[in-house]
Structures are given as structure tokens and as C-alpha cells.
Amino acid sequence: MLPHAPWLVWAVPIAGCLLTPILARVHGKLRDWFAFLFAVVSSTFALSMLPDAFYGGSADIQMPWIPHLSLQLGVLVDPLSVFMACIVSFIGALILLYSIGYMAGEEGLTRYYFFMLLFIGGMIGLVMADNLLQLYIFWEVVGLCSYALIGFWYKRPEAVRAGMKAFIVTRVGDVCLLAGILMLYLHTGTFAFSSIREAAEGLDASTLSTVALLMFGGAVGKSAQFPLFVWLPDAMEGPATVSALIHAATMVKAGVYLVARMYTVFPQAHGYLLAVAAVGSATALLASTMALTALDIKRVLAYSTISQIGYMMFALGLGSPGGWFASQFHLMSHALFKALLFLCAGAVIHAVGTRDMRRMGGLRRYMPITYSTFLVGVLSLSAIPPFNGFWSKDLILEESYGLGGSVGLLLFLAGTLTAAVTVAYSIRMLALVFLGEPPSHLRGGRVHEAPRVMTIPMVVLAVLCVLSGFLQAPLAYLMSHIFHSASLPTSLEADILPLSTSLLALAAGGLPAYLVYVRRIVPPERFTHGAFLGAVYRLLLNGYYVDWLYHRIFVNGVAFISERSRRLQTGILNFSMLLVLISLLSLLGLLLMS
Amino acid sequence: MIPLSYYLMFTGALYIIGMYCLATKRNMIRLVLGIEILINAANLNFIVFSAMWRPGFIDPLAHAIVIISIALAGCVSAVALTLVMYAYRHYGTLDIQELRRLRW
Amino acid sequence: MFTEPIDILVLFAVSLPFVGWVERRLHRNFLTGLYAVIGLALSAFRLHPLLSQALRSPVLLPIHAGAYHACLRVDFLGAFMAAVFLTMSLLVAVYSIKYMERDTGLPLYYALLLFMAAGMLGVVFAGDFFTLFIFWELMCISSYVLVAFRKRRWEPIEAGFKYLIMSSAGSATLLYGLSLLYGRTGTLNFVQLSKVMADAADVWGYLTLVLVLVGFGVKASVFMLHQWLPDAHPAAPSSISALLSGVVIKAGVYGIVRALFMVFPPPHFSWPAALAILAALTMTYGNLAAMLQTDIKRLLAYSSIAQMGYILFAVSTATSHGLTAGLLHVLNHALMKGLLFLCAGAFIYMAGTRKLSELRGIGHRMPITAITFTVGALAISGIPPLNGFVSEFMIVYAGIQAGSLPLTGVMLMNILLGFAYYLRLIKVIVWSTPSERLDGVREAPALMLAPMILIALLCVVIGVYPAPFVEAAERAAQAVIHPYEA
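Residues numbered from 1 in each chain as written. Chains lettered and ligands numbered in written order. Predicted model: local features only at pLDDT ≥ 70, side-chain atom pairs only at ≥ 80, totals over all residues. Heavy atoms only, no water.

1. Some thoughts on the overall build of chain C
Within chain C, the regular secondary structure consists of 18 helices and two strands. Radius of gyration (C-alpha) of chain C: 21 Å, near the 23 Å computed for a compact globule of 486 residues. Seen along its three principal axes, the alpha-carbon backbone of chain C occupies a region of about 70 × 55 × 40 Å. Scored against the burial criterion, the 486 residues of chain C give a buried share of 71%. Long-range pairs, those at least 24 residues apart, make up 80% of the contacts in chain C with a sequence separation of at least 6. When the accessible surface of chain C is split by element, carbon and sulfur atoms take 67% of a total near 13,500 Å². (Helix = DSSP H or I, 4+ residues; strand = E, 2+ residues; numbered from the N terminus. Rg over C-alpha atoms; globule rule 2.2 N^0.38 Å. Buried < 20%, exposed > 50% of the residue type's maximum accessible area, 1.4 Å probe, protein only. Contact = heavy atoms within 4.5 Å. Areas by Shrake-Rupley, 256 points an atom, 1.4 Å probe, with all protein chains shown as cover.)

2. Quick word on the overall build of chain B
Counting its regular elements, chain B contains three helices and zero strands. When its helices and strands are written in sequence order, chain B yields α-α-α. In terms of overall dimensions, chain B is more spread out than a globule: its C-alpha atoms have a radius of gyration of 17 Å, far above the 13 Å expected for 104 residues. With the C-alpha coordinates of chain B rotated into their principal frame, the extents come out at 55 × 25 × 25 Å. For chain B, buried positions account for 44% of its 104 residues. Sequence separation of 24 or more characterises 53% of the internal contacts of chain B that already satisfy a separation of 6 or more. Accessible area of chain B: about 5,300 Å², with a carbon and sulfur share of 68%. Where the 8 positive side-chain charges of chain B centre and where its 4 negative ones centre are 8 Å apart. (Lys, Arg positive; Asp, Glu negative; His and termini not counted. Charge placed at Lys NZ, Arg CZ, Asp CG, Glu CD.)

3. Re the environment of Gln72 of chain A
Residues and elements named next belong to chain A. Along the chain, Gln72 falls in strand β2 (residues 71-77). We classify Gln72 as partly exposed; its relative accessible area is 32%. In sequence terms Gln72 and Met164 are 92 residues apart; their C-alpha atoms lie 32 Å from each other. Contact partners of Gln72, with chain neighbours within four places excluded, come to Gln62, Met63, Pro64, Trp65, Asn131 and Gln134.

4. Notes on the interface of chain A and chain B
Listed by partner, the interface residues are 13 residues for chain A and 15 residues for chain B. Interface area, chain A with chain B, both sides summed: about 1,200 Å², of which 62% is carbon and sulfur. Connecting chain A to chain B are zero salt bridges. If you tally residues by element for the side of chain A that touches chain B, the top one is helix α23 (residues 573-593) of chain A, at seven residues. Across the side of chain A that touches chain B, the residue classes break down as seven nonpolar, four polar and two charged. (Buried area = accessible area lost by both parts, 1.4 Å probe. Salt bridge = Lys/Arg side-chain N within 4 Å of Asp/Glu carboxyl O. Nonpolar A, V, L, I, M, F, W, Y, C, P; charged D, E, K, R; others polar.)

5. Here we look at the interface of chain C and chain A
How large an interface is tends to be reported as the accessible area lost when its parts come together. On the chain A side, the residues contacting the 72 residues of chain C number 55 residues. Both faces considered, chain C and chain A share a buried interface measuring about 5,700 Å² in area, 79% of it formed by carbon and sulfur atoms. It is Met224, Gln227 and Trp431 of chain C that lose the most area in chain C upon contact with chain A, and together they represent 14% of the buried surface on that side. Summed over the shared surface of chain C and chain A, the result is 11 residue pairs in polar contact (both at pLDDT 80 or more). Counting residues per element, the side of chain C that touches chain A draws most heavily on helix α16 (residues 405-429) of chain C, which supplies 11 residues. Residue composition of the side of chain C that touches chain A, by class: 52 nonpolar, 14 polar and six charged. (Polar contact = N/O pair within 3.5 Å; in protein donor to acceptor, adjacent residues only side chain to side chain.)

6. Some remarks on helix α21 (residues 531-541) of chain A
All names here are of chain A. Within the sequence span of α21, burial applies to Gly534, Tyr537 and Leu540. Taken end-on, α21 shows its buried residues confined to a sector of 130°, consistent with a single buried face. Opposite its buried face, α21 presents the exposed residues Ala531 and Phe532, each directed more than 90 degrees away. Two residues or fewer past α21, Gly543 is found with a positive phi of approximately 60°. (Arc of directions from axis to C-beta.)

7. Things to note about the side chain of Ser241 of chain C
Turning to its location among the elements, Ser241 of chain C is positioned in helix α10 (residues 238-263). Owing to a relative accessible area of 0%, Ser241 of chain C belongs among the buried residues under this scheme.

8. Concerning the packing of aromatic side chains
Going through the model one piece at a time under the given rule, you end up with 47 aromatic pairs over all chains. Consider the rings of Tyr136 of chain A and Phe389 of chain C, whose centres lie 5.7 Å apart with planes at 20°: the pair is stacked. Of this pair, Tyr136 of chain A sits in helix α5 (residues 132-150) while Phe389 of chain C sits in helix α15 (residues 387-401), which puts the two residues in different chains. Summarising the burial analysis for this pair, Tyr136 of chain A and Phe389 of chain C share the class buried. Directly above the ring of Phe57 of chain B sits Arg54 of chain B, whose terminal nitrogen or CZ lies 4.2 Å from the centroid. For Arg102 of chain C, the ring lying beneath its charged end belongs to Tyr349 of chain C, and the centroid distance is 3.8 Å. (Phe/Tyr/Trp six-rings, centres within 6.5 Å; stacked < 30°, edge-to-face > 60°. Lys NZ or Arg CZ within 6 Å of the ring centre and 35° of its normal.)

9. Some points on the pairing of strand β2 (residues 71-74) of chain C
Residue and element names in this part refer to chain C. Side chains of β2 alternate between two faces, with Cys71 and Arg73 and Leu72 and Val74 buried alike. Pairing between strand β1 (residues 59-62) and β2: four bridges, direction antiparallel. Its bridge partner lying in β2, Pro62 is registered against Cys71. (Pairing = 2+ DSSP bridges.)

10. With respect to the packing of helix α12 (residues 270-293) of chain A against helix α13 (residues 297-316) of chain A
Angle between the axes and distance between the axes are the two parameters that describe a pair of packed helices. All names here are of chain A. Running from N to C, α12 and α13 point in directions that differ by 155°, and their axes come no closer than 7 Å. Classified by the interaxial angle, the pair formed by α12 and α13 is roughly antiparallel. Relative to α13, α12 is oriented so that their crossing is left-handed. Residues Leu273, Val276, Ala277, Gly280, Ser281, Thr283, Ala284, Ala287, Ser288, Met290 and Ala291 of α12 touch α13, and the partners they reach there are Val300, Tyr303, Ser304, Ile306, Ser307, Gly310, Tyr311, Met313, Phe314 and Leu316. Of the residues contributing to the contact of α12 with α13, the split by class is 14 nonpolar, seven polar and no charged. (Axes fitted to C-alpha atoms, helices over the stretch in contact; angles between N-to-C directions. Parallel < 35°, antiparallel > 145°, perpendicular 65-115°, else oblique. Left-handed = near helix turned anticlockwise from the far one by under 90°.)

11. Details of the packing of α10 of chain C against helix α13 (residues 320-351) of chain C
Residues and elements named next belong to chain C. The contact between α10 and α13 brings their axes to 6 Å, and the two run at 165°. Between α10 and α13, the angle is such that the two are roughly antiparallel. As for how α10 packs across α13, the hand of that crossing is right-handed. Contact with α10, carried on its side by Ser238, Ser239, Ser241, Ala242, Ser245, Gly246, Val247, Lys250, Val253, Val257 and Phe261, involves Leu323, Val330, His333, Ala334, Lys337, Gly338, Phe341, Leu342, Gly345 and Ile348 of α13 and no other residues of that element. Partitioned by chemical class, the residues of the contact of α10 with α13 number 11 nonpolar, eight polar and two charged.

12. Topic: the environment of Val22 of chain C
Residues and elements named next belong to chain C. Assignment of secondary structure puts Val22 in helix α1 (residues 3-26). Overall, the relative accessible area of 34% leaves Val22 in the partly exposed class. Between the C-alpha atoms of Val22 and Ile134, which are 112 residues apart in sequence, the distance is 31 Å.

13. Observations regarding unusual backbone geometry
Phe226 of chain A connects to Pro227 of chain A through a cis peptide bond whose omega is 5°. Mapped onto the fold, Pro227 of chain A is located in the loop between α8 (205-222) and α9 (231-234). The residue after Pro384 of chain C, namely Pro385 of chain C, is reached through a cis peptide bond having omega 0°. If you trace the backbone, Pro385 of chain C turns up in the loop between α14 (367-380) and α15. Of note, the phi angle at Ser221 of chain C is positive, near 50°, even though the residue is not glycine. The topology assignment puts Ser221 of chain C in the loop between α8 (203-220) and α9 (229-235). Here the phi dihedral of Ala318 of chain C falls at roughly 55°; this positive angle occurs in a residue that is not glycine.

14. Concerning the pattern of salt bridges
This structure, assessed with the given rule, holds 32 salt bridges over all chains. Between Arg354 of chain C and Asp295 of chain C there is a salt bridge, with its nearest N and O atoms 2.7 Å apart. A residue pair is termed long-range when its members are at least 10 positions apart, and Arg354 of chain C in the loop between α13 and α14 and Asp295 of chain C in the loop between α11 (272-291) and α12 (296-316) qualify at 59 residues. With respect to class, Arg354 of chain C is no different from Asp295 of chain C; both count as buried. One salt-bridge network, in which partners are shared between bridges, spans Arg156, Glu158, Glu237, Asp296 and Arg355 of chain A.

15. Some remarks on the state of the cysteines
Working definition of a disulfide: a covalent bond connecting the sulfur atoms of two cysteines. Counted according to the given criterion, the structure contains zero disulfides over all chains. Here Cys145 of chain A is not disulfide-linked; the sulfur of Cys17 of chain A is the nearest cysteine sulfur, at 7.6 Å. Summary of cysteine pairing: Cys75 of chain B is not part of a disulfide, and the nearest cysteine sulfur, belonging to Cys140 of chain C, is at 12 Å. (Disulfide = S-S within 2.5 Å.)

Structure (C-alpha cells):
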């Protein structure tokens, strides 16, 4: 471990973000490449912590911050935090390299790099935090960066609105998280993970459940699970790099990290685990169905992200170390292939000028590198062996099957059904964008491959997607230090039933999609018209009308109440004085009664 | 001797009258008078209490407070009446209910 | 005579007209402003030794041999509040030099500013209700005239008159309550009262409590006593709005804290529950009414009502921790809301309008102002690592600790509501394209920028390193909860 690595790994990007305006004054390119450099330095620090964590070393270093609340500033070096830090910093560095090409020529790049670096620093700070309040502070900071970056192209009102929506919806979750953290502090007297573990022994089950559920509320918001998922599809208004970094690889994983961390800190009540698993599996299934009908390439990927994170949550909800490990393994796979898919999508959007898949097609011949890396991503997402998605997703399904009982079976079925739908929408996306004949407006050399600075990160990620699946054993060894007694699965058990069921599901989902979208034996439009199918289509297209419902209740509802409360201020002084008198009498009454 | 309770009822009534005036009267100058009535209720209370400690002893603290309070009330009235004057210039009326441009 | 800071301010205020005469002879328009700034700076400089003295034990300055228990008693709560008030007044005075340059009658303005500051200092330094009332009225009367300062327009006059009537009615109610207090105990001295009132918790005691609470509450804009605020704060010149929202309403909170903790102590008088409900109503109403506002200053004014609700909620827990959180939020809100009003003033000064629809995108023409404005808006929404987060989470914790879970839930919901309209504000000011109407707008002048940048930096500093400020707030809270311990 390099000296001061646990602090520098997140302090360096934050220092970098503060330097960005100054570097920008010198030259724009200097600022861009320095941003990449800062991220590389940060990943170096992160990777340097890996060997120590691998052999079971862990450290908890603190500095005093608010003595009045006995609050310290600290970093925790343990397998989970180092694992997350490596993922965030490494993928962050790759995406910053890609940004140099993707965002070239845009205005406001100082603001872009400022918030990207602040985000990377904040996210790493979040995972390295050794106490809940510090985690919460970084949690909000990354929310702020997400808001600023989604609304990067502020000249588009939709982008600004999407940013606000993201921040407000996630803040609903954040408020629950804060309540949970403070309630835990009330009962244990500490924010630090290590101390909570001891103090939690003395707490009764209902308190622990309440706290855990409140904190899960925060995770639901940040990780875009049901019912707080409505912000993520709209967040696609931001640049593709932002979507890749924040909304695929890292920030949305913060909720998963939180639930995983809580698992290691205090015992989890059965009801709470059930809730987590239920939310996760329901989200996974619902989101995958919504991805089937989306017309915007990034929206498909957004729903896909929601769905895959659902898998991670549901794995955590299984309540076993094996399930926990499966979720972290899938977190790594997903970070890699989803970032890859978003970067490819960015390259496509950059070349074609639109996000609408109906205006794309046949790009395979114009963008071969993008096509092949995208193909790798899609195969990983669909969990086709030997790509990484297969190993991790099947581990999850295996663990849920292994849980047994009606709950385990139900979860397993939901998981396999989701896998089937996942293959379907993946093939649909691949076919609509890259296969078939290109539309007329794209022919004749109008579309070009992405520059090297963009394709290099894509290729790197693609290679990792192939290789990372085989890292299960070392990863299991790394993570086993957290669970001192249990041992974690180092490879997939070739249990016949779950394996064959999942492969069958892949075929069941893949074959129809292949026939419809690639072979075109049935035009896709057949599925969108007609009384029943049309209604289903509209239901899925509108996200099960959840967003519409929220808009009616929260936006229109609050506006209605607000309009009514405004009328209290009539502008007539006599009325105001009457209110004073009434308040005097009612206060007197209130006080005398109590 | 007049019992203390009579005085307290009187000042209480004055306070209520003052509040009633502020809550119902429309003429701005009447509102200023209402403020005066309120302050006088409090002043009277002080004077009354100052005599209630021991027979023959009047507590000077209360009287000091009252004198200052009267002076302050005078300042407030001065400012208030100046504002009434400007309000008349802007709105052309002394009816407080006409001054409703600021609402909601 | 009345402690050096107040003396200096009064001296400068009284001598200001002469400077005004000199200014007219020399045809400069910043001399009175400069004089006021010097006075405030000097006063702040002399506050410092008082602060460190008060940290150890309350500084007692009897007025006229203390024969009537009238005195100035500077304990750490008073010193803490005084520091907040003076800092904001100083920054606003610097800002006013440029902001008010187009107005006439500037000697009056600065004299009133100094008197208002002196009044506020006197309120928090007072050791008994008599002294407090005198300085209270000094502060109030100065603020009445300052609100109605631009008398040639109808709005300040209407707002000023309504403010005057309501605030005077409040002061009269306060005085009535004080008379009952005097009648009960024979003294108005805080320390004496705190010893005597403990066993006076009957109908008359509660009546006195309500009268005093309403009296201070009108100034602190609690629900139903707040109707003057949405009119007065927008109508005043923006520098004064910053002071009104930032510090004058805090004087009301100070009065409530002082009265409720020292004179009507919590174990004997059961006011926590009622105050908590009142606070919840205040914050909810303030946030809801702010949602749909179209005038930037009116929106900020309603937000102030809501923030007062947060502070009173913290106070209503009647615990040391709650009071610490509330006092810290007093400091933070003074900074944040002051900053927001100063920025709004800069926008209005440059663009000539208060309507949000016309200020759309002005952030692009005035980038530094926009950045400080965003810092202020994010701070007040409770985003770490800014100062608003620290006090808001401490208030939520105080609520949870006191066990009032439903009302804490209300507070959390209000944080979300407030957040929504502040994001909307940021969207309009920063994330929009400016219209042609704003073509001639340039960045605000340096004298206006300097206070804004300073306050924004303070917001960041307090957010990142809150320890000394939290500790100061805690000492201030201890000073009023345990007034006998030195």
C-alpha cells in the first residue's frame, strides 16, 4: 500500500477538481488530460491497497472532526471498500480518457471535469468512509454531482428537469437514510462501523429492522429500485460518459454498497432481508420488461441497469454470505459491461446524432470496433458463457435456488424470467442499432468510427468483460476475509437444475427476439398494435404509469396545496391581526390542556 | 381600596379593545390609536402593580418603565403617522383594506 | 456606558448627520457609508474581548448602581448572537455602499442601520426585560423606517405600515406580558426571574408565557404571527432584507429562547409540545407558500419563515443538544439567507426587476454572483459539505432524540419541500439561457461582490470544519440552560 493511500485515493480527485478551473485558464487540453491523470493516480492508490486487503489486512484510520458529536473523519481499508474503490477509480479513469474524445468541442467543459472529478473523489470517499455520517455526506455530494452533470447541457430544458428530478427523487431516499443513521446513532451512540458492530448486540430486533429499512430506503433511491426508479431513465439526458460513470458503473451501486456494508455491520432481520429480496427481484423483472419497449438506446440501457441492480439487491436479500458474494461479483461484472455498453452507445450517438433507435440500423459495417465491443457487452449482459455476466448472474441464480423453500423458488423463477427478458431486449437493441440495413440518411460515409481515444477504453473494457468472469476465485478469497468463518463459492457448482433452467431461459428469451428482430420473420410492429398487445405495449412504454402517478400526486398535489396555502396571505391587515388574536387564544388553550 | 382584580379586568378589557380595534377598524389612524390603547393597557398594568406590594410603597421601577414606554409609544406613533401620510399620497385613501396590492 | 460595542455604534449613528453634511459639501456619495462601516468594524473589534470574557463567565454591567436590577448581562448566548448580528451588519453595510448609491437620504439610512445594530446588540446583551424592551423598540423602530425607506414607491409604504402595526401590536403584547410578569414577581431581571418563576405554573403563569411568546413570536414570524414578513422583506432595500431575514427575526428567536428557558423553565412549564406543533406548522406553511412564488425576494421571505420553523423546532426539544442545533442554525441561516438576499439584490440592482420570469438566466451574465447564489441555495437545502447540512442534521437528531418522531418526519418532509423550490430557483437563475432583456447586465461591482464571496466562503468553511462553531453554539446553549454555572 502506498503511503496515505486510503486518504489520497479520494483526496487526489477532489484536489484535482479544485484545480480544474485553474488548469482550464492555461489550456483546455491541459485540463482534460490532467483530469485523466488525476483519475489514473487515484486508481494507482486504489490498486496499491489491493495486496494488503487480499491478505486480510484491514485498517481504520481516524481524524477528529466534530468533537461535540464524537464524530471522527475516518477511512476503512477492508476488502469491500478497496474492491469498490478500485472499480470506481479504474472505470472512472477509462471514462475520463473517453471523455477527452467524446466531449471535445463542447462548451462548459471546465464545469464538466470539475464535477466528474468531484464525483470520482466523492464516490471513492463514500466507499472508503468508516462511519455512516461521512458516508452520508459523500452520498449527498455524489448526488449533487449527478444533478449537475445530468443537467450539463442546460440549454435543453429536458436536461435541467431531468437533473432536478434525479436530485429530488434520490433526496427522498436520502432523507430516509438520514433518519435511519440518526436513529442508529441514538441507540448506539456512534456512527463508526466498527463500534456499531459491538453496540448492535444490545439492540432489539424491531429497532434494528426499522433502522435497516430506513437505510434501505436510501439505497432504493440512489440505486433506482422500485419505487424510486423514475429518475434514472430521464437521467439519460446527460452525456453518455456521465451515464456510463454515474448511472451505470458507480453511483447507482452506492445503494448496493450500503446494503452490503450493513450486512457486515449488524445482524439482519428476516423480514428486512425478505423486503430487500422482494424489492430487488420485482424491480429486476419490471425494469427488464420496460426495456423491451424503449425507443431510446440509452433508455434501454437505463432500464437494464435498474434491472441488473435489482439482481444485486435480490442476491443481498438472500441473507447468506454466498448471496452477498454473488451480488458483489455481479456488481463488478455489471460495472464493466454496462460502462462498456454506455460508451459504445455514446460512440453511436456521437456518430449518428440521435438517441432514437428507430433512426439507426446497420451500423455494423461503419463502426466495426464499436460493433464488436458492443457485442461483447451485450453477450455479457445476456449472461452468455464464457462472458463475465454469465458467471456472476448464474451464481446469483444458483444461490437463490440453494436457499430453498417457497421463497427461494419464487426468487429463482423471477430471476430466470428476468434473464429471459434480458436476452430479448439485448438482442433487440443490438439488432436495431447495428444489424440490418442502414437507413438512407446514414449511408455514404456519413457515419464514421470513433476516434482512438474513445475506442481504447471500449476495447479495454471488452477485454475485461471476457476475463473478469474467471476472477471469481481470487475475488472470493479477497472477500472471505470479511466473513471470518464462512467460505465463499470460488466457482459455479455445476448443479444441473439451475444451470439448465437458466440456459433454457436464455434460449426462451433469445430465440423469439432473434427471430423477430434479426431474421425479421414477423415485423416488430405486430406486437405494438391490437387491443391486448397494444395495451401491454403502452403500459410498458409508459413505465407502468408509475411516473405519471408520481407526477399527479407529488407535483400536481403539492402545487394544489401550495396554491391553497398562499391564499392565507390575504393582504388585509385586519385579517392578520385577527390571526394574531386567534393564535394567542389557541396557544393559551393548547398550553393549558397539556 | 379597589381590589386588584378590578384593575386587571380593566386592563384586560383595554387589551381586548385594542386588539379588536386592530382587527376590525379600517381607518389607518384608528389602527394607530389601537396600538396606543394596547400599550396603555400594559402601562396601566405596570402602574397598578407598582402600588400593590406594600401599602404606601410605590415601586419606582414600574414607573420608570411606563415613562420610557410612553416615550417609545410616541416614537412609534410618529413613524406610523408619517407612513399614513405617505400612504394617503400613494393610495388616496385612509382605508387599510384598500392597501391590498401585496398579497398571496 | 452600555458596553463598548453599543456605545461605539450609537456614537457613530448620532454623529452620522455631520458626516452627511460633509459628504454633501464634497459631492461624494460614499462617505456616510464608509463612516458606518468604520463604526461597525470598530464595534466588532471591541466585541472580541467581550466575547472571550463572556466565555468564562457572564459579564455583568449594572445600569445606575443596579438599584432596580436593570443591567446588561453579557453571557455567552448574548455574545454569540451579538457576533452573528455584528458580522452580518458589517457585511451589509459594505454591500450598501454600492447598492444604495442610487438612493437619496443616505445619512438617514446609515444612521438607522447603526441604530438597528445597536438595538439588536442591546437586546442580546440585556440582563433584564426592561433593558431588553428599550433596545427592542430601538431595533423595531429603526427597522420600520428602513423597510419604508424608499418612500416614493407604494410598496414599501404599504409593507412598512402593515409591518409597523403588526410589530407594534407584538411589542405591546410583549409589554403586557412583562407587566404581568412584574406583577407576579416584582422584578424583571432574568436571573431573579429564573429563581422565582419556577413555582408559578398556573393559569396566570401560562397566560404570561403566551403573551411573551406572542410578543417575541411576531418578530420571529411564527405561524399566524408571520403575515408581515412576506410583504416587508421584499419591499425593503435588499441590503436591509438581508439584515431583516438574517438577523432581526433572530432577535425574536433570542427573546423566545431567553424567556422560555430562563423565565419559564421546561420542567415546570410544559411548553415543548405546543412549541413543537407551532414550529411544525410554521415550517410547513413557509415551504408550501414559497413553492409557487414568482418574485425572488418574496420566495426567499417565505423560506425564512420555514427556516424559523426549523430553529423553533430545535428549541422546542428543550434539550441542550436541541438548543445547540437551533443556535447553530441561527448562525448558519443568518449567513445563508443573508447571502441569498445579497445576491438577489445584486441581480435586482443590475437587471432592475424582481420577477423570476425576467431574471431567467441572469447567472450567465453575472457568474460570480451566480456561483455564490448557488452555494447559498445548496447550503440552505442542506447539501453537504456546506454549513446548512450540519445544523439541519443536528436538528433532525435533536428531534429524534427527544422522541417526537412524527414531527421529525414533518421536518424531513419540509427539507424535501424546501429543496424543491431552491432547485427551481437555481434552475431559473443559472440553468437557463438569458433573454435579450438582460443584455446589458454585467457582473456586480466589487464592493457588492466582496461580502457575498466572503459569506459563501464562510458557508463552505463552516460546512467542512464545523467544530469550533458547534462548540460555540453549545457554550451559548449551556449559558442559558445552566445560567448559574460560571
